[in-house]
Amino acid sequence: MEANYLVLLDYCRGQITKIRLTAEEKAESENYEDFEEFISTLEEKYNFHLSDCNWMSCDILSERSY
């Protein structure tokens with residue numbers, strides 16, 4: 001999967017985590033058939049629990065706040 005960003009909505013903490021994937025992480029993600037399996041390998045590095053989150057990946061990150 002070609003994604004530059006990973007966005008996590010942690011509903012237990014009320015926190016949004018935005019991760020810009022490194023070139024190494026993008027290359028590593030190609031080794032997984034299921035992108036969610038790859039995301040689970042990032043839990044410790046970025047301090048989140050996938051079981052407490054919804055996620056999305058995207059090429060270009062855009063955000064709005066009101």
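So, a few notes on the structure that sits alongside this text. All of these numbers come straight from a predicted model, not from anything done at the bench.

Of note, the phi angle at Asn 47 is positive, near 60°, even though the residue is not glycine. Inspection of the secondary structure puts Asn 47 in the loop between helix H3 (43-46) and strand S3 (53-58).

Whenever strands of a sheet pair, they do so through backbone hydrogen bonds, lying parallel or antiparallel. If you walk across this open sheet you meet the three strands as S2-S1-S3, and the pairing is antiparallel. Looking at strand neighbours, the two that pair on one side only are strand S2 (15-20) and S3, the edges of this open sheet. Adjacent strand axes in the sheet meet at a mean angle of 15° when their direction is disregarded. Pairing of strand S1 (residues 5-10) with S2 involves six bridges; the strand directions are antiparallel. Paired with Leu 9 across the two strands is Ile 16, which belongs to S2.

Moving on to the layout of surface pockets. Vacant regions in the atomic arrangement are exposed by a probe of water-molecule size rolled over the atoms. Taken as a whole, the largest pocket spans an internal volume of roughly 190 Å³. Looking at the largest pocket, the residues that line it are Val 7, Leu 8, Leu 9, Ile 16, Lys 18, Met 56, Leu 61, Ser 62, Glu 63, Arg 64 and Ser 65. Elements with a minimum of two residues in the lining of the largest pocket: S1 and S2. For the lining of the largest pocket, the element with the most residues is S1, which contributes three residues. Looking at the lining of the largest pocket residue by residue, the class counts come to six nonpolar, two polar and three charged.

Further remarks concern the nonpolar core. With 12 residues, the main nonpolar core is built from Ala 3, Leu 6, Leu 8, Ile 19, Leu 21, Phe 35, Phe 38, Ile 39, Leu 42, Phe 48, Leu 50 and Cys 53. Elements with a contribution of two residues or more to this core: S1 and helix H2 (35-40).

Relative to the assigned elements, Tyr 11 resides in the loop between S1 and S2. Residue Tyr 11 is classed as partly exposed on the basis of its relative accessible area, which comes to 48%. Taking the C-alpha atoms as reference points, Tyr 11 and Asp 52, separated by 41 residues in sequence, lie 6.3 Å from one another. Excluding residues within four positions of it along the chain, Tyr 11 makes contact with Ser 51, Asp 52, Cys 53 and Asn 54. Within the structure, Tyr 11 has its side chain in polar contact with the backbone oxygen of Ser 51 (distance 3.0 Å).

Definitions and limits used
- Residues numbered from 1 in each chain as written.
- Predicted model: local features only at pLDDT ≥ 70, side-chain atom pairs only at ≥ 80, totals over all residues.
- Heavy atoms only, no water.
- Helix = DSSP H or I, 4+ residues; strand = E, 2+ residues; numbered from the N terminus.
- Pairing = 2+ DSSP bridges.
- Axes fitted to C-alpha atoms, helices over the stretch in contact; angles between N-to-C directions.
- 1 Å grid on protein atoms, 1.4 Å probe; cavity = no way out; pocket = protein on both sides within 12 Å on 5 of 7 lines; lining within 4 Å.
- Points joined across faces, edges and corners; volume = space filled by probe spheres on them.
- Nonpolar A, V, L, I, M, F, W, Y, C, P; charged D, E, K, R; others polar.
- Core = buried A, V, L, I, M, F, W, Y, C linked by side-chain atoms within 4.5 Å.
- Buried < 20%, exposed > 50% of the residue type's maximum accessible area, 1.4 Å probe, protein only.
- Contact = heavy atoms within 4.5 Å.
- Polar contact = N/O pair within 3.5 Å; in protein donor to acceptor, adjacent residues only side chain to side chain.

Bear in mind that shape data such as this cannot, by itself, settle questions of function.
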